[in-house]
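# Results of the structural survey
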Amino acid sequence: MTDNPAMNRLKGRVILIAGAASGIGAAIARRCVAEGARIVCADYDSGAAQTLADQLGSSAIACQCDVTDAASAKSAVDIAERNFGRLDGLVHNAAAPSTSATVVNLDESAWRHEIDVSLTGAFLMSKFAVPLIAAGGGGSVVFIGSQFGRVATTRAVAYCAAKAGLIHLAKAMAVDHAPDKIRVNSLSPGAVATTRLLRRFPDFEAANAGLGPAHLLGRIAEPDEIAAAAAFLLSSDASFVTGSDMLADGGYATR
Ligand SMILES: NC(=O)c1ccc[n+]([C@@H]2O[C@H](COP(=O)([O-])OP(=O)(O)OC[C@H]3O[C@@H](n4cnc5c(N)ncnc54)[C@H](O)[C@@H]3O)[C@@H](O)[C@H]2O)c1
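Residues numbered from 1 in each chain as written. Predicted model: local features only at pLDDT ≥ 70, side-chain atom pairs only at ≥ 80, totals over all residues. Heavy atoms only, no water.

### With respect to the packing of helix H4 (residues 108-135) against helix H5 (residues 157-177)
How we decide: A fitted line through C-alpha atoms represents every axis, and for helices the fit uses only the stretch in contact; the resulting angles, taken between N-to-C directions, go from 0 to 180 degrees. In this description a helix means any DSSP run of H or I spanning at least four residues, a strand means any run of E spanning at least two, and both kinds are numbered starting from the N terminus. Oblique is the label for every angle not falling under 35 degrees (roughly parallel), over 145 degrees (roughly antiparallel), or within 65 to 115 degrees (roughly perpendicular). Put simply, a crossing is left-handed when the front helix is turned counterclockwise from the back one by less than a right angle, and right-handed when it is turned clockwise. By the convention used here, residues are in contact when the closest approach between their heavy atoms is within 4.5 Å. Gly is placed with the polar residues, together with every amino acid not listed as nonpolar (Ala, Val, Leu, Ile, Met, Phe, Trp, Tyr, Cys and Pro) or charged (Asp, Glu, Lys and Arg).
In contact at an axis separation of 8 Å, H4 and H5 are set at 15 degrees when each is read in the N-to-C sense. On the basis of their axis angle, the class for H4 and H5 is roughly parallel. Like other packed secondary-structure pairs, H4 and H5 cross with a definite hand, here right-handed. In contact with Trp-111, Glu-114, Ile-115, Ser-118, Leu-119, Ala-122, Phe-123, Ser-126 and Val-130 of H4, H5 contributes Val-157, Ala-158, Tyr-159, Ala-161, Ala-162, Lys-163, Gly-165, Leu-166, Leu-169, Met-173 and His-177. When its residues are assigned to classes, the contact of H4 with H5 shows 14 nonpolar, four polar and two charged.

See the structure below:
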């Protein structure tokens with residue numbers, strides 16, 4: 001859907017994408033390689049991560065990674081260093097399937113898992129990635145948030161809280177790591193046509209009919225549209241952008 005001009009803005013950069021195997025993460029992986037980056041596709045689903053890396057060729061390697069586990073997060077960063085010798089960017093895209101519940105009927109374990117993957121995962125990936133990015137002279141960290149980190153919705157308390165936390169974690173990290181020349185931003189999509197929506201709708205047409213009208217543009221997004229925004233934040237085109245939450249939500253949060 002985007003023009004995808006081969007701008008090569010990420011040539012020479014190494015980018016680690018956590019939660020790269022499907023949907024938005026896979027679109028970001030493809031866009032990064034199209035723009036000249038070498039990437040590590042890290043995902044809990046190692047088979048799908050490997051399939052994606054195979055499709056992307058020698059610029060991509062896959063690794064199994066559970067972002068909720070410190071050793072696993074560290075190992076993904078070590079793999080980037082071992083294979084490519086540096087790290088210039090981190091994208092934290094992983095999120096657990098969202099449980100539809102209020103605080104009253106949400107299981108404690110479901111709450112902890114959603115917070116763990118979205119928020120603790122971003123913390124752990126950053127904990128190990130930031131020193132390597134700093135050692136190379138700086139770079140860019142992007143957390144994939146959601147419009148529901150900015151505005152609330154029904155029966156999504158853990159998801160809303162995790163995404164709001166992620167947006168503010170990016171700001172706090174932007175403050176701490178500006179001296180290291182590391183820009184840190186979040187990118188908050190509206191509804192995007194990925195399998196995540198197929199847990200609620202029979203197909204994308206139904207998802208678009210159900211969710212599209214809530215967006216000013218009257219439709220849901222394609223994953224490539226979010227990947228284009230991520231590539232901007234990863235690139236030097238965003239050289240003066242840090243501590244921001246970039247909405248790519250078709251205007252959802254405007255009203
Ligand atoms: N699709 C949407 O409508 C939408 C809207 C707003 C925000 N988002 C956000 O965009 C991101 C991607 O969403 P998507 O729709 O592509 O979802 P998705 O479920 O297709 O992708 C999530 C990826 O994260 C991986 N993952 C899950 N748990 C993990 C773990 N513990 N460790 C490592 N990887 C793990 C999954 O295997 C999967 O590849 C998520 O953060 C989501 O909250 C999606």
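### Some points on the site of the ligand
Threshold: The near set for a molecule or strand comprises every residue that places at least one heavy atom within 4 Å of it. Pairs of N or O atoms are called polar contacts if they sit within 3.5 Å, as long as, within protein, a hydrogen donor faces a hydrogen acceptor (for residues adjacent in sequence, only side-chain-to-side-chain pairs). Note on areas: Shrake-Rupley, 1.4 Å probe, and residue coverage restricted to the protein chains presented here.
Taken together, 27 residues are adjacent to the ligand, and Ser-22, Asp-43, Tyr-159, Lys-163 and Thr-194 come closest. Contact distances for the ligand include 2.8 Å between an oxygen atom and a backbone N or O atom of Ile-24. Note that a nitrogen atom of the ligand is positioned 3.0 Å from one of the side-chain N or O atoms of Asp-66. Burial of the ligand by the surrounding chains reaches 92%, relative to a free accessible area of 830 Å². Of all the secondary structure elements, the ones that give two or more residues to the shell around the ligand are helix H1 (23-34) and H5.

### A short note on the sheet that holds strand E1 (residues 14-18)
Our working rule: Should DSSP find at least two bridges between two strands, the strands are taken to pair.
Sheet architecture is open: seven strands sit in the order E3-E2-E1-E4-E5-E6-E7, paired in parallel fashion. What marks the edges here is a single partner per strand, and that holds for strand E3 (60-64) and strand E7 (245-248). Ignoring strand direction, the axes of neighbouring strands in this sheet form an average angle of 20 degrees. In this sheet, strand E2 (residues 38-43) lies alongside E1 in parallel orientation, the contact comprising five bridges. Looking across to E2, one finds that Val-14 is bridged to Arg-38. Here H5 sits on the sheet in contact with strand E4 (89-92), strand E5 (139-144), strand E6 (182-189) and E7, set at roughly 165 degrees to E6. With respect to the sheet, helix H7 (residues 223-234) is in contact with E1, E4, E5, E6 and E7, its orientation differing from that of E6 by roughly 165 degrees.

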